[in-house]
Amino acid sequence: MSSPNDGNQEAEQPPVDATSTISIPALDADTEEMTPADVAAADTLPAGSALLLVQRGPSAGARFLLDTDMVTVGRHPDSDIFLDDITVSRRHATFTRTDDGHTVADLGSLNGTYVNRDRIDGEIALAGGDEVQIGKYRLIYITGSVGAPE
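Computed from a predicted structure; not experimentally measured.

Basis of the calculations
- Residues numbered from 1 in each chain as written.
- Predicted model: local features only at pLDDT ≥ 70, side-chain atom pairs only at ≥ 80, totals over all residues.
- Heavy atoms only, no water.
- Pairing = 2+ DSSP bridges.
- Helix = DSSP H or I, 4+ residues; strand = E, 2+ residues; numbered from the N terminus.
- Salt bridge = Lys/Arg side-chain N within 4 Å of Asp/Glu carboxyl O.
- Buried < 20%, exposed > 50% of the residue type's maximum accessible area, 1.4 Å probe, protein only.
- Arc of directions from axis to C-beta.
- Contact = heavy atoms within 4.5 Å.
- Axes fitted to C-alpha atoms, helices over the stretch in contact; angles between N-to-C directions.

Taking strand neighbours across the sheet as the criterion, the five strands line up as S4-S3-S5-S6-S9 in an open arrangement whose pairing is mixed. Of all strands in the sheet, those bounded by a partner on one side alone are strand S4 (81-82) and strand S9 (123-125).

We now examine the pattern of salt bridges. Taken as a whole and judged by the stated rule, the model has four salt bridges. Here Arg-97 ties to Asp-69 by a salt bridge, and the two come within 3.3 Å at their closest N and O atoms. Of the two residues, Arg-97 is situated in strand S5 (residues 93-98) and Asp-69 in the loop between strand S2 (63-66) and strand S3 (70-74); the sequence distance between them amounts to 28 residues. The partly exposed category is assigned to Arg-97, whose relative accessible area is 29%. The class of Asp-69 is exposed, set by a relative accessible area of 54%.

What follows covers helix H4 (residues 36-43). All of the buried residues along H4 are Asp-38, Ala-41 and Ala-42. Down the axis of H4, the sector holding all buried residues measures 100°, keeping them to one side. Turned more than 90 degrees away from the buried face of H4 sit Pro-36 and Asp-43, all of them exposed.

Turning to the sheet that holds strand S1 (residues 50-56), a few remarks are in order. As summarised here, the arrangement of the six strands in space is S2-S1-S11-S10-S7-S8, forming an open sheet in which the pairing is antiparallel. Where the open sheet ends on each side, the last strands, each with one partner, are S2 and strand S8 (118-119). Sheet topology places S1 next to S2; four bridges connect them, and they run antiparallel. Within S2, the position partnered with Ala-50 by the bridge is Leu-66. The strands touched by H4 within the sheet are S1, S2 and strand S11 (137-143), with S2 carrying the most contacts at an inclination of about 5°.

Quick look at the environment of Val-39 now. Along the polypeptide, Val-39 turns up in helix H4. Along the chain, Val-39 and Ile-142 lie 103 residues apart, while their C-alpha atoms are 9.7 Å from each other.

The subject of this paragraph is the side chain of Thr-94. Within the secondary structure layout, Thr-94 lies in strand S5. Looking at Thr-94, the relative accessible area reads 9%, which means it is buried.

This paragraph deals with the environment of Val-115. By the secondary structure assignment, Val-115 is in strand S7 (residues 113-115). On the accessibility criterion, Val-115 (7% relative accessible area) is buried. When the C-alpha atoms of Val-115 and Leu-126 are compared, they prove to be 8.2 Å apart, with eleven residues separating the residues in sequence. Non-local contacts of Val-115, meaning those with residues more than four positions away in its chain, are made with Val-104, Ile-120, Ile-124, Leu-126, Asp-130, Glu-131 and Val-132.

Here you go:
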């Protein structure tokens, strides 16, 4: 009768291993979901412009067009992209258009700016699908077509 007890003790160990991997799939699933309206907006972007799609945060689902040479982001009402949350600095970050797309730079914010979950220091080039985190806001960078041959 001691054998069934030993089997029960062994069955208790696997759940400990399972809990260490729970958060990883949830993070990946959040960044892959786009509504049909988001896909349509991305498909109609003019060459040289880009879109920031809020995946997570107080205004999830919002879209911000990057269609000027420099776009400011912050909690200050004069910011081009106004993110009204205490986790966002008044003058938090800038997005700058380049010949190859856009770059993002943190402006010395308290909570920092992250690209693909890595805190940035200085200016960093963005690629389509990159995740930019500013405070509580997780934004997906979506690029327009890059001049298809005509």
